[in-house]
Amino acid sequence: MISDMVGWHRMLNDNKITLIYSGPLWSEGIGGIGGTLKKRLEYDEIPFETSQEVFSVFVEQMNNMLMYSAEKEHFEKSENPAESSKGTFILGKDNDNYFIQTGNVMRNESVKLVKDRIDYLNTLDKQELRKYYKEQMRLADYNPESKGAGLGFIEIARRISSKIEYSFEPYDESRTFFSLFVIIGGKDAQIV
């Protein structure tokens with residue numbers, strides 16, 4: 001077993017992975033992972049703007065996994081019944097760029113909506129993303145039943161220096177594994 005750990009350690013270092021989490025997600029638990037991320041970014045001594053972009057993308061991606069993961073665990077026996085989602089978050093750094101990859105299982109019926117939303121966002125430039133974000137904010141304000149009108153993906157697209165990369169892989173008959181990859185940093189990255 002120890003030799004397996006050495007291999008994992010080398011693989012993570014070779015791929016410049018600085019933070020990885022895989023397992024149950026609770027809204028309260030995201031704060032703990034976020035604290036670790038903030039400390040990591042502080043040690044990296046990066047510009048404040050880049051740190052904010054990385055943290056903002058982290059929050060949006062964790063919230064997406066929390067809300068839309070099709071892997072749920074229910075805890076009924078405690079005083080406060082709870083539900084957790086499952087997902088994986090990976091942060092890496094290559095030169096001045098950070099990359100974030102997340103993955104979670106989702107229901108097959110959600111795949112087309114998510115794919116269409118990301119494909120559309122990938123066609124927009126930073127100004128168009130800003131305008132679209134404002135339009136969707138207004139729609140969310142008028143619809144109290146909305147789960148954010150897709151604002152999380154828009155927020156991610158606004159803060160990254162690349163297009164959103166994604167994949168969908170069959171998981172079982174009714175579910176798909178969704179993976180999302182983004183790069184933050186470089187000359188093109190800026191908050192709009």
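Rules used in this analysis
Residues numbered from 1 in each chain as written. Predicted model: local features only at pLDDT ≥ 70, side-chain atom pairs only at ≥ 80, totals over all residues. Heavy atoms only, no water. Axes fitted to C-alpha atoms, helices over the stretch in contact; angles between N-to-C directions. Helix = DSSP H or I, 4+ residues; strand = E, 2+ residues; numbered from the N terminus. Parallel < 35°, antiparallel > 145°, perpendicular 65-115°, else oblique. Left-handed = near helix turned anticlockwise from the far one by under 90°. Contact = heavy atoms within 4.5 Å. Nonpolar A, V, L, I, M, F, W, Y, C, P; charged D, E, K, R; others polar. Salt bridge = Lys/Arg side-chain N within 4 Å of Asp/Glu carboxyl O. Buried < 20%, exposed > 50% of the residue type's maximum accessible area, 1.4 Å probe, protein only. Polar contact = N/O pair within 3.5 Å; in protein donor to acceptor, adjacent residues only side chain to side chain. Expected span 1.5 Å × (residues − 1).

Participant: Is there a simple way to think about the packing of helix α3 (residues 48-68) against helix α6 (residues 151-159) in this case?
Facilitator: Any two packed helices are characterised by how steeply their axes cross, that is the angle between the axes, and by the distance between the axes. The N-to-C vectors of α3 and α6 enclose an angle of 155°; their axes lie 9 Å apart at closest approach. In terms of their interaxial angle, α3 and α6 are classed as roughly antiparallel. You can see that α3 and α6 cross each other, and the crossing is left-handed. From α3, Q52, E53, S56, V57, E60, Q61 and N64 reach across to α6, where they touch G152, F153, E155, I156 and R159. Partitioning the contact of α3 with α6 into residue classes produces three nonpolar, five polar and four charged.

Participant: When you look at the pattern of salt bridges in this model, what are you seeing that I'm missing?
Facilitator: Applying the stated criterion to the full structure yields seven salt bridges. The salt bridge partner of K112 is D116, with a shortest N-O separation of 2.6 Å. Highlighted residues: K112 and D116, both in helix α4 (residues 111-121), separated by four residues, approximately one helical turn. R159 is the salt-bridge partner of E155, the closest N and O atoms lying 2.4 Å from each other. With E155 and R159 both in helix α6 and four residues apart, the pair spans about one turn of that helix. The buried category is assigned to E155, whose relative accessible area is 8%. The buried category is assigned to R159, whose relative accessible area is 14%. Through salt bridges with shared partners, one network takes in E155, R158 and R159.

Participant: Could you clarify how one ought to interpret the side chain of S69 in this entry?
Facilitator: Its location among the elements puts S69 in the loop between α3 and β2 (72-75). Among the polar contacts made by the side chain of S69, one reaches the main-chain carbonyl oxygen of K86 at a distance of 3.0 Å. In this structure, S69 is in contact with N64, S85, K86, N104 and V105, ignoring residues within four places of it in sequence.

Participant: Just checking my understanding: could you explain α3 for this structure?
Facilitator: Every α-helix winds through 3.6 residues per turn, so residues three or four apart in the chain are directed the same way. Over its 21 residues, α3 runs 30 Å from end to end, which matches the ideal 30 Å to within 8%, given 1.5 Å per residue. Within the sequence span of α3, burial applies to T50, S51, E53, V54, S56, V57, F58, Q61, M62, N64, M65 and L66.

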